[in-house]
Amino acid sequence: MTATMRPSASACPACSAAPAAEALARAGADEAQIALSLPTIHCSACITKIEKALNADPRVHSARVNLTLKRASIAADEDVTAQEMQALVEGLGYEAHELDPGTLNATANDRVGRNLLMRLAVSGFASMNVMLLSVSVWSGAEDATRDMFHWISAAIALPTIAFAAQPFFANAWAALKNWQLNMDVPITLAILLAVVTSLWETSLSGEHAYFDAAVALTFFLLAGRYLDHRTRAIARSAAEELTALEVPRAVRLSDGAEQTVAVAELAVGDMVLVRPGGRMPVDGEIVEGTSEIDRSLLTGETVPVFADTGQAVSAGEVNLTGPLTVRATAVGGDTSLHRMADLVAIAESGRSRYTSLADKAAKLYAPGVHILSAFAFLGWYLYTLDVRTAINIAAAVLIITCPCALGLAVPAVTTAASGRLFRRGMLIKHETALERLAEVDAVVFDKTGTLTEGTPELTNMADLKRADVELALALAQGSSHPLAQAITRAARAGGYAPAHVSAIAEVPGYGTRATVDGQEVRLGRASWTGAEGLAVTATFLRRGDAAPVCFVFADRLRAGAEAAVAELQAAGKQVYLISGDTTAAVESLAQRLGIERWMAEALPADKAARVRALTEEGRKVLMVGDGLNDTAALAAAHVSISPASALDAARVASDIVLLGRDLSPIPAACGTAISATRRIRENFRIATVYNIVAVPLAVAGLCSPLIAALAMSVSSITVSLNALRLR
């Protein structure tokens with residue numbers, strides 16, 4: 001989707017005749033919205049550079065770059081295309097991909113959090129004012145003065161409750177429509193009974209009204225609901241993120257002519273041209289060209305692979321060096337990328353069926369509260385034949401048994417635990433992540449980018465001659481190949497200067513060559529330089545007829561990897577290593593870390609299948625991964641963690657984000673999760689004991705609704721204080 005039309009501005013009939021309103025409507029209709037993904041931006045300087053360049057185009061009305069989401073939002077003239085904006089950004093040296101703004105609009109803004117905070121503020125402000133009026137009544141105001149204060153309280157409380165308590169009303173109504181009960185049903189009944197009882201008392205010039213209790217109850221419950229919301233992930237789907245990576249347009253070759261078409265128009269058998277830097281729009285087979293391909297989408301490995309005629313490619317892979325002509329073998333929903341998105345969506349729906357401790361308590365608690373309140377009303381009405389007394393006592397029972405303490409039991413603990421883990425470098429995203437993390441008995445690690453840094457590092461620098469390093473630096477410093485960049489970093493860190501060479505040229509898929517003193521020098525693949533391939537990652541330098549010189553690379557372990565694996569195993573958890581890397585590389589790392597269970601050359605579906613198999617065996621699996629190839633497994637696991645350096649889709653699919661580069665907080669997080677679950681259970685016990693003591697008093701008529709509200713508040717405060725012990 002290239003752009004979406006912004007809807008015409010609307011106005012009232014009087015305004016629509018004004019020229020200003022018509023101009024506004026025309027401006028909205030003639031403006032296009034373009035969204036670009038910018039995966040390589042990393043600082044404020046990147047934002048400034050891109051925004052300045054985009055806004056310099058006279059056809060662009062406004063351009064904003066979001067560093068957190070790594071996206072650019074562009075408002076431009078109707079005839080501006082996403083390809084033009086993409087080319088402009090790529091000309092600045094940044095990778096850019098078109099995104100569908102329709103997919104992203106629903107995920108860009110967190111309206112729920114803002115709405116809850118606004119309702120919380122309104123109820124808090126109203127509660128303070130109603131409390132002040134109540135103090136006057138408690139101080140001895142009588143007759144007309146007391147009635148006036150009650151009516152003023154009603155004028156403040158009724159619109160406040162109608163606005164602020166909407167989340168509870170809506171959830172309760174949705175449950176009742178389906179003949180079900182949830183926590184919000186007794187909450188709604190308690191609030192409504194307090195209001196109705198207060199209006200009744202006020203209309204009869206009674207001494208007691210409970211508007212302050214109703215508003216305070218709404219405030220406390222909203223505080224718990226907002227705390228719960230703060231622990232939740234950003235409301236977007238990892239499957240949507242994967243779908244957004246699908247290429248919207250492709251270059252189709254027809255009788256030698258190039259034609260840019262929507263990917264939806266491609267069919268199996270079509271010839272597609274993929275230029276250097278572009279993503280594969282389809283699954284297919286290379287029929288012409290040589291290049292190197294970044295397959296990290298499927299394998300997670302950062303070292304590119306050689307691509308030649310006859311080789312299969314998958315949608316989402318990046319063509320790095322040379323143009324390729326690909327015959328499509330799968331398009332649209334049949335591509336590997338789309339199937340990966342389907343895997344993630346299925347896994348996410350499975351995770352959403354997890355029942356939290358609070359939900360389990362609600363299933364038992366809610367029916368009991370309603371039955372008890374109904375019996376209290378019926379018993380007192382039959383005993384006194386006074387509807388007013390019966391309603392007061394029923395309201396007191398509902399308020400004193402209101403699940404405010406239960407509602408705060410989970411979010412209060414998760415907020416305290418989240419703060420503790422955040423200080424240790426971990427961000428909790430999902431509301432039930434801590435509960436699930438406490439149940440973990442098996443941990444699955446990805447290799448590249450998770451246990452290792454994901455960046456190749458030259459390991460045999462000390463064994464190389466200075467002249468060879470300087471010559472390799474001269475050939476490598478202009479290349480974007482990861483191994484060439486590793487040579488450049490190591491050589492410059494060692495104080496080496498590049499040798500003088502001429503006629504430097506990069507050969508797509510093979511390496512770089514140049515001329516030195518009339519001799520050809522090559523730096524690249526073993527087969528191209530006349531060397532023998534090794535089991536380890538290596539590249540070779542050959543000058544003339546001399547023997548090739550081997551440059552060996554290894555992936556550096558991430559800080560804390562050894563300690564994390566050892567602590568998890570010491571805690572009795574089974575540790576697995578699953579990677580798309582070669583068998584030799586995976587086996588070597590597994591032996592180094594003492595991991596007995598490992599799997600190599602695993603595709604995304606293999607990883608997800610292994611996680612599901614462990615789950616079927618009764619294991620509660622923690623998956624730790626960072627790549628798009630890990631996304632399905634992250635979503636399928638009982639709970640998941642990804643580093644902050646992970647790709648967007650992996651971070652979205654995970655429940656917890658590791659903010660630093662050190663893995664050692666992972667075992668500590670498991671311990672904190674167990675402690676947090678213990679506190680949650682303690683809070684449920686506190687709420688239960690409170691109800692055992694308070695409910696008989698309310699049923700016996702010894703508590704007015706106001707005293708019930710105060711008792712309910714005390715139980716909520718007690719639960720919150722117990723949660724703070726976790727800090």
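Owing to the predicted nature of the structure, the values given are computational and were not obtained by experimental measurement.

About the criteria used
- Residues numbered from 1 in each chain as written.
- Predicted model: local features only at pLDDT ≥ 70, side-chain atom pairs only at ≥ 80, totals over all residues.
- Heavy atoms only, no water.
- Helix = DSSP H or I, 4+ residues; strand = E, 2+ residues; numbered from the N terminus.
- Buried < 20%, exposed > 50% of the residue type's maximum accessible area, 1.4 Å probe, protein only.
- Contact = heavy atoms within 4.5 Å.
- Areas by Shrake-Rupley, 256 points an atom, 1.4 Å probe, with all protein chains shown as cover.
- Pairing = 2+ DSSP bridges.
- Axes fitted to C-alpha atoms, helices over the stretch in contact; angles between N-to-C directions.
- Expected span 1.5 Å × (residues − 1).
- Phe/Tyr/Trp six-rings, centres within 6.5 Å; stacked < 30°, edge-to-face > 60°.
- Lys NZ or Arg CZ within 6 Å of the ring centre and 35° of its normal.
- Salt bridge = Lys/Arg side-chain N within 4 Å of Asp/Glu carboxyl O.
- Parallel < 35°, antiparallel > 145°, perpendicular 65-115°, else oblique.
- Nonpolar A, V, L, I, M, F, W, Y, C, P; charged D, E, K, R; others polar.
- Polar contact = N/O pair within 3.5 Å; in protein donor to acceptor, adjacent residues only side chain to side chain.
- Core = buried A, V, L, I, M, F, W, Y, C linked by side-chain atoms within 4.5 Å.

Participant: For this particular structure, what's the right way to read the overall build of the chain?
Facilitator: The secondary structure content of the chain amounts to 28 helices and 27 strands. Here the chain holds 727 residues, and 50% of them are scored as buried. A separation of at least 24 residues holds for 68% of the contacts in the chain among residues at least 6 apart in sequence. For the chain, the exposed area adds up to about 32200 Å²; of that, 58% sits on carbon and sulfur atoms.

Participant: Even after reading the chapter, I still don't get unusual backbone geometry, so can you show me in this structure?
Facilitator: Of all residues except glycine, most have a negative phi; of all peptide bonds, most are trans. Of note in the backbone geometry, Asp517 takes a positive phi value of approximately 50° without being a glycine. Topologically, Asp517 is positioned in the loop between strand S19 (511-516) and strand S20 (519-524). If you check the backbone angles, Glu601 has positive phi at about 50° while not being a glycine. Mapped onto the elements of the fold, Glu601 is located in the loop between strand S24 (597-599) and helix H24 (604-616).

Participant: Could you clarify how one ought to interpret the sheet that holds strand S17 (residues 452-458) in this entry?
Facilitator: Where strands meet in a sheet, backbone hydrogen bonds hold them as pairs that are either parallel or antiparallel. With antiparallel pairing, the six strands of this open sheet are ordered in space as S17-S22-S21-S20-S19-S18. The sheet is open, and its two edges are formed by S17 and strand S18 (502-507), each paired on a single side. With strand direction ignored, the average angle separating the axes of adjacent strands in the sheet is 15°. Sheet topology note: the strand S21 (residues 537-543)/strand S22 (residues 549-557) ladder contains five bridges and is antiparallel. Counted as the bridge partner of Leu541 is Val549 from S22.

Participant: I would appreciate a short explanation of helix H20 (residues 482-493) in the present structure.
Facilitator: Here H20 contains 12 residues, and its C-alpha end-to-end distance of 16 Å stays within 8% of the 16 Å for a straight helix at 1.5 Å per residue. Of all the positions in H20, only Pro482, Leu483, Ala484, Ala486, Ile487, Thr488, Ala490 and Ala491 are classed as buried. Considering only its buried residues, H20 is in contact with S17, helix H19 (466-476), S20, S21 and S22. In the segment just after H20, Gly495 is the residue with positive phi, at about 85°.

Participant: Help me understand the packing of aromatic side chains in this model?
Facilitator: Each aromatic ring pair is described using two quantities: the centre-to-centre distance and the angle formed by the ring planes. For the structure shown, the criterion picks out four aromatic pairs. With a centroid separation of 6.3 Å and an interplanar angle of 40°, the aromatic rings of Tyr510 and Trp528 are classed as tilted. Taken together, the residues span a long stretch of sequence, with Tyr510 in the loop between S18 and S19 and Trp528 in helix H21 (residues 526-529) at a distance of 18 residues. The exposure class assigned to Tyr510 is partly exposed, which follows from its relative accessible area of 25%. An aromatic cluster is built from Phe306, Tyr510 and Trp528, whose rings are joined through pairwise contacts. Sitting over the face of the ring of Phe163, Arg119 holds its NZ or CZ atom 4.7 Å from the ring centroid.

Participant: I keep staring at the pattern of salt bridges and nothing clicks. Help me out?
Facilitator: Where charged atoms of side chains with opposite charge meet at close range, the side chains can pair. Within this structure, the stated rule accounts for 14 salt bridges. The salt bridge involving Arg436 is made with Asp655; its shortest N-O contact spans 3.1 Å. Residue Arg436 is found in helix H17 (residues 433-437), and its partner Asp655 is found in the loop between helix H26 (648-653) and strand S27 (656-658); the two are separated by 219 residues along the sequence. Of the two residues, Arg436 and Asp655, neither departs from the other in class, the shared state being buried. Within the structure, one salt-bridge network assembled from shared partners comprises Asp57, Arg59 and Glu84.

Participant: Explanation requested: the sheet that holds strand S10 (residues 291-294) in the structure shown.
Facilitator: Strand order in the open sheet formed by three strands is S11-S10-S13, and the pairing between neighbours is antiparallel. The outermost strands of the open sheet, each flanked by one partner alone, are strand S11 (305-307) and strand S13 (318-319). Across three bridges, the pairing between S10 and S11 is antiparallel. For Ser291, the partnering residue across the bridge sits in S11 and is Ala307.

Participant: Sorry if this is basic, but what is going on with the packing of helix H15 (residues 387-400) against helix H27 (residues 665-699) here?
Facilitator: Helix-helix packing is characterised by the crossing angle of the two axes and by the distance between the axes. In contact at an axis separation of 9 Å, H15 and H27 are set at 170° when each is read in the N-to-C sense. Accordingly, the angle class assigned to the pair H15 and H27 is roughly antiparallel. Every residue of H27 that contacts H15 at Ile393, Ala396, Val397 and Ile400 is listed here: Tyr690, Asn691, Ala694, Val695, Ala698 and Val699. The residue makeup of the contact of H15 with H27, split by class, is nine nonpolar, one polar and no charged.

Participant: Please clarify how the environment of Arg327 should be interpreted in this entry.
Facilitator: Looking at where Arg327 falls in the secondary structure, it is placed in strand S14 (residues 324-330). Residues Arg327 and Glu285, 42 residues apart in the sequence, show an inter-C-alpha distance of 5.3 Å. Among all residues touching Arg327, those that are not within four sequence positions of it are Gly269, Asp270, Met271, Asp283, Gly284, Glu285 and Val287.

Participant: What should I look at first to understand the side chain of Asn460 in this one?
Facilitator: Looking at the secondary structure, you find Asn460 in the loop between S17 and H19. Among the polar contacts listed, one links the side chain of Asn460 to the backbone nitrogen of Val552, at a separation of 3.1 Å.

Participant: What is the right way to read the nonpolar core from this model?
Facilitator: Counting residues in each nonpolar core, the largest one holds 39 residues, and the members touching the most others are Leu437, Phe445, Leu451, Leu622 and Ile666. Of the residues forming this core, the biggest block, seven residues, is contributed by H27. Excluding its chain neighbours within four sequence positions, the residues that come into contact with Leu622 are Leu437, Val440, Ala442, Val443, Val444, Val639, Ser640, Ile641 and Ile666. Core analysis: the second largest hydrophobic core is formed by 26 residues, Ala126, Ala154, Ile161 and Ala194 among them.

Participant: How should the packing of helix H7 (residues 143-164) against helix H8 (residues 166-177) be read in this particular structure?
Facilitator: Closest axis-to-axis distance for the H7/H8 pair is 5 Å, and the angle between their directions is 55°. For the element pair H7 / H8, the angle class is oblique. Judged by residue contacts, Ile161, Ala162, Phe163 and Ala164 of H7 engage Gln166, Pro167 and Phe169 from H8. Within the contact of H7 with H8, the residues separate by chemical class into six nonpolar, one polar and no charged.

Participant: Please clarify how the pairing of S19 should be interpreted in this entry.
Facilitator: Across a regular strand the side chains alternate sides, sitting on one face of the sheet and then on the other. Pairing analysis gives four bridges linking S18 to S19, with the strands arranged antiparallel. Counted as the bridge partner of Glu506 is Thr512 from S19. What sits between the antiparallel neighbours S18 and S19 is a turn of three residues, in which Gly509 has the positive phi angle 85°. Of the pairings in the sheet, the one linking S19 to S20 comprises six bridges and is antiparallel in character. Residue pairing for S20: Val516 is matched across the bridge by Gln519. Following S19, the chain reverses through two residues before pairing antiparallel with S20; Asp517 in that reversal takes a positive phi of roughly 50°.

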